[in-house]
Amino acid sequence: MSLDNETSISDLLSRQQALTIELQSLQDHLNRLVPQLEQAQIQAQKPPEKPEGTSPETLLASATQAALARYEWKAKVEGLEVAIAWTQEQIQQKAEELDGLEAAMAELERRSEQTAKARQGVSQLNQSIDEVKRQLIELKGQGCLHLYTVNLPEFSLDEQGQIQVRPHSFRIQ
């Protein structure tokens, strides 16, 4: 695995942990809001209290207080519904972002495995060429004098993981 891939995976893992924590926090917040909404809905649906008073002024004040209390609960219901909708939207966005990170991590791991396989293949190719060189030297040692120089390739990987072939002139000595 290249250093860039290791760094990228490390960065993605850090971001994944942060998103997981954010998601859990949002879910906890949502879990606290739902019971509050249920309580507010119950209170908002209660019938208004009967106004009490002995004069028109006290009846007016009592009826006004009862109406304000009922409307206060209805306002809380609306506010909690807005907060719950926003929290659910944030949870959805974070979940999508987390899915994207997991896909990016899978792609990086796949590329890392591909690069490792390519390195292994390049190493095997170069070992085979070394074996050909050894055999050529052995032939020269057995008296085969008409071989002087042979063009044999050298293989390597570039930064993108692509196999590079470079011609190399091998002089038999």
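Just so it is clear, the structure is predicted and the values come from calculations on it, not from any experiment.

## Thoughts on the overall build of the protein
In step 1: Assigned secondary structure in the protein consists of two helices and two strands.
In step 2: Start at the N end of the protein and walk to the C end: the helices and strands fall as α-α-β-β.
In step 3: On C-alpha atoms alone, the protein measures out to a radius of gyration of 38 Å, which is more than a quarter above the 16 Å that the 2.2 N^0.38 rule sets for 173 residues.
In step 4: Principal-axis analysis of the C-alpha atoms places the extent of the protein at approximately 130 × 20 × 15 Å.
In step 5: Out of the 173 residues in the protein, the part that is buried amounts to 22%.
In step 6: Averaging the locations of the 17 positively and 26 negatively charged side chains of the protein gives two centres separated by 5 Å.

## Quick word on the packing of aromatic side chains
In step 1: Inspection of the entire model under this criterion finds zero aromatic pairs.
In step 2: Taking NZ or CZ as reference, Lys-76 lies 4.4 Å from the ring centre of Trp-73, over its face.

## Concerning the pairing of strand 1 (residues 149-157)
In step 1: The sheet contact formed by strand 1 and strand 2 (residues 163-171) spans nine bridges and is antiparallel. Bridge pairing links Phe-155 to Val-165 in strand 2.
In step 2: Linking two consecutive strands that pair antiparallel, namely strand 1 and strand 2, is a turn of five residues; a positive phi of about 85 degrees is found at Gly-161 within it.

## Comments concerning the pattern of salt bridges
In step 1: Within the structure shown, the criterion is met by nine salt bridges.
In step 2: We note a salt bridge from Glu-22 to Lys-94, for which the minimum N-O separation is 2.9 Å. Here Glu-22, found in helix 1 (residues 3-45), pairs with Lys-94, found in helix 2 (residues 56-141); they are 72 residues apart in sequence, far enough to count as distant.
In step 3: Accessibility expressed as a relative area gives 16% for Lys-94, which makes it buried.
In step 4: Across the pair Arg-166 and Glu-154 runs a salt bridge whose closest N-O atoms are separated by 2.3 Å. In this pair, Arg-166 is assigned in strand 2 and Glu-154 in strand 1, connecting sequence segments 12 residues apart.
In step 5: Of the residues examined, Arg-166 reaches a relative accessible area of 54% and is grouped as exposed.

## Section: the confidence of the model for the protein
In step 1: In this model, the protein carries a mean pLDDT of 87, and residues with pLDDT of at least 70 account for 94%.
In step 2: Mean pLDDT across the elements of the protein bottoms out in strand 2 (80) and peaks in helix 2 (91).

## So, the environment of Pro-153
In step 1: Mapped onto the fold, Pro-153 is located in strand 1.
In step 2: Put simply, Pro-153 and Ile-84 are 69 residues apart on the chain and 66 Å apart in space, counted from C-alpha to C-alpha.
In step 3: Those residues in contact with Pro-153 that sit more than four places away from it in its chain are Ile-129, Val-165, Arg-166, Pro-167 and His-168.

Calculation rules
By convention here, each chain's residues receive numbers from 1 onward along its written sequence. The model is predicted, so local features are restricted to residues of pLDDT at least 70 and side-chain atom pairs to those at 80 or more, both for listing and for counting; the totals for chains, interfaces and linings are taken over all residues. With hydrogens and water excluded, all non-hydrogen atoms of the structure serve as input to the side-chain values. In DSSP terms, a helix is any run of H or I states spanning at least four residues, a strand is any run of E spanning at least two, and both are numbered starting from the N terminus. Radius of gyration here uses only the C-alpha atoms, and the compact-globule reference equals 2.2 Å multiplied by the residue count raised to the power 0.38. Any residue under 20% of the maximum accessible area for its type is buried, any over 50% is exposed, and the rest in between are partly exposed; the area is computed with a 1.4 Å probe on protein chains only. By the counting scheme adopted, Arg and Lys are positive, Glu and Asp are negative, and His together with the chain ends is not counted. Lysine's charge is taken at NZ, arginine's at CZ, aspartate's at CG and glutamate's at CD. Note on aromatic contacts: the rings of Phe and Tyr and the six-membered ring of Trp form a pair at centre separations within 6.5 Å, being stacked when their planes are under 30 degrees apart, edge-to-face when over 60 apart, and tilted otherwise. In our convention, an over-ring charge means Lys NZ or Arg CZ found within 6 Å of a ring centre and within 35 degrees of that ring's normal. The rule for pairing is simple: two strands pair if DSSP sees at least two bridges between them. Each salt bridge in this description consists of a side-chain nitrogen of Lys or Arg and a carboxyl oxygen of Asp or Glu lying within 4 Å of one another. Per-residue confidence from the prediction method is given by pLDDT, with values spanning 0 to 100. Working rule for contacts: check all heavy atoms of both residues, and any pair within 4.5 Å makes them a contact.

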